[in-house]
Amino acid sequence: IIENFEGLSRFAAGIDRLDTFYGLLTGTAASRSPERGRIVSIEDSRLALERVTLQTPRSERILVRELSITVQPGEGLMIVVASGTGKSSLLRAIGGLWYAGSGTILRPPEGDLLFLPQQPYMFAGTLRSQLLYPDVDRHVPDRRLQELLEQVNLPELARRFGGLDAEMDWEKVLSIGEQQRLAFARVLHIQPRFAILDEATSALDAANESHLYRQLARTSTTLVSVGHRPAILQYHRQVLELTGDGQWRVHSAEGYRFGQ
């Protein structure tokens, strides 16, 4: 699931649209049982959650209650969570993979939203295809791809393995830190309107983490980051803190202190 999060998100969004269309054709859309909660997803230019309650699939427990927050373009959001407070479910809901609950999620079209998990998706193939994923057939000059590698502090990677068309099982030959930097190169190449980074720098030292965030800050991509390091606060405008038992708080990133 982690490796195919982006593809599953697109697939789930398509199925949801087909389900809505089928309901309109058959007249069953309005007759669904109101007892069964369901989060509604709407395509929009913004990324926003409106009174979103997340529940476990069988509604045994509320993970997040009545969450409302908007991420304006250019104003990043950092999500700070304790273990077991619904972080994974929240990200899946934003990606269109979690519907248990209620409320509305406004999110941009699939091409404008990119997810970076803690464990990047790597596959057997060329180094070129790793950099261009998911649009692996797109033609991009070698010089531009080398620039991307330099931007993420991997300037010798192509030379080390015999060029951009070298074929390897990259998950096995690259360290997790190198994989995370390669995933950042994808974001720098695509430059989506929004990027959701789920502890995407967990294997990197502070210097590399700060360098990558500085590179992204120079683009027009708005960042939504799950993390625990104070150094990346400066790249976000708001902090969403999931405190447990379905509760949450929103803070200004400026002056926020972890554990406050």
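Just so it is clear, the structure is predicted and the values come from calculations on it, not from any experiment. Starting afresh in each chain, residues are numbered from 1 along the sequence in its written order. Confidence filtering applies because this is a predicted model: local features only for residues at pLDDT of at least 70, side-chain atom pairs given and counted only at 80 or more, and all residues used for totals across whole chains, interfaces and linings. Side-chain measures were taken over the full set of non-hydrogen atoms in the model, leaving aside hydrogen atoms and water.

### A closer look at the environment of aspartate 44
Within the secondary structure, aspartate 44 sits in the loop between β1 (40–43) and β2 (47–55). Whether a residue is buried, partly exposed or exposed follows from its accessible area with a 1.4 Å probe, protein chains only, as a fraction of its type maximum: under 20%, in between, or over 50%, in that order. Judged by relative accessible area, which is 24%, aspartate 44 ranks as partly exposed. Considered as a pair, aspartate 44 and leucine 106 are 62 residues apart in the sequence and their alpha carbons are 5.6 Å apart. What makes two residues a contact is simply this: any of their non-hydrogen atoms within 4.5 Å. If we skip the residues at most four places from it in the chain, aspartate 44 touches Leu106, Arg107, Pro108 and Pro109. Whenever a nitrogen or oxygen atom comes within 3.5 Å of another N or O atom, the pair is scored as a polar contact, on the condition that within protein one atom can donate a hydrogen and the other can accept it, and that pairs from neighbouring residues in sequence are kept only if both atoms are in side chains. In terms of polar contacts, aspartate 44 uses its side chain to reach the backbone amide nitrogen of arginine 46, at 2.9 Å. Strands are runs of DSSP state E lasting at least two residues, helices are runs of H or I lasting at least four, and both sets are numbered from the N terminus onward.

### Some points on the pairing of strand β9 (residues 194–198)
In terms of residue burial, β9 counts as a mostly covered element, since five of its five residues are buried. Strand pairing is assigned whenever DSSP identifies at least 2 bridges connecting the two strands. Bridge count for strand β6 (residues 113–116) against β9 is four bridges, and the pairing is parallel. Looking across to β9, one finds that leucine 113 is bridged to phenylalanine 194. Here five bridges tie β9 to strand β10 (residues 222–226), and the two strands are oriented parallel to one another. By the bridge assignment, aspartate 198 is partnered in β10 with valine 226.

### Quick look at the confidence of the model for the protein
Every residue carries a pLDDT, the predictor's confidence in it, which falls somewhere between 0 and 100. The predicted model of the protein averages 87 in pLDDT, with 85% of residues at 70 or higher. Taking the mean pLDDT of every element in the protein, the minimum, 61, falls on helix α1 (residues 5–26) and the maximum, 97, on helix α4 (residues 142–151). Low pLDDT, under 50, characterises residues 29–35; the stretch is placed with three contacts to residues that sit more than four places away or in other chains.

### Remarks on the environment of phenylalanine 194
For phenylalanine 194, the position within the fold is in strand β9. The residues touching phenylalanine 194, leaving out its near neighbours within four places in the chain, are Ser45, Leu47, Val71, Pro73, Pro108, Asp112, Leu113, Leu114, Thr221 and Thr222.

### What to know about the nonpolar core
In this description, a nonpolar core means a group of buried Ala, Val, Leu, Ile, Met, Phe, Trp, Tyr and Cys residues linked to one another through side-chain atoms lying within 4.5 Å. Residues Leu116, Leu127, Leu149, Leu157, Leu182, Phe184 and Leu197 are the most contacted members of the largest nonpolar core, which totals 41 residues. Counting only elements with at least two residues in this core, the list comes to β4 (77–81), β6, α3 (127–132), α4, α5 (157–161), α7 (176–190), β9 and α8 (206–217). With six residues, the top contributor of residues to this core is α7. Residues within four places of leucine 149 in sequence aside, it is in contact with Leu127, Leu131, Leu154, Pro155, Leu157, Ala158, Leu164 and Leu182. Counting 28 residues, the second-largest nonpolar core is a separate cluster that includes Val64, Ile69, Leu77 and Leu90.

### What about the side chain of arginine 107?
Summarising the element assignment, arginine 107 is placed in strand β5 (residues 101–107). From its side chain, arginine 107 meets the backbone oxygen of isoleucine 94 in a polar contact 3.3 Å long.

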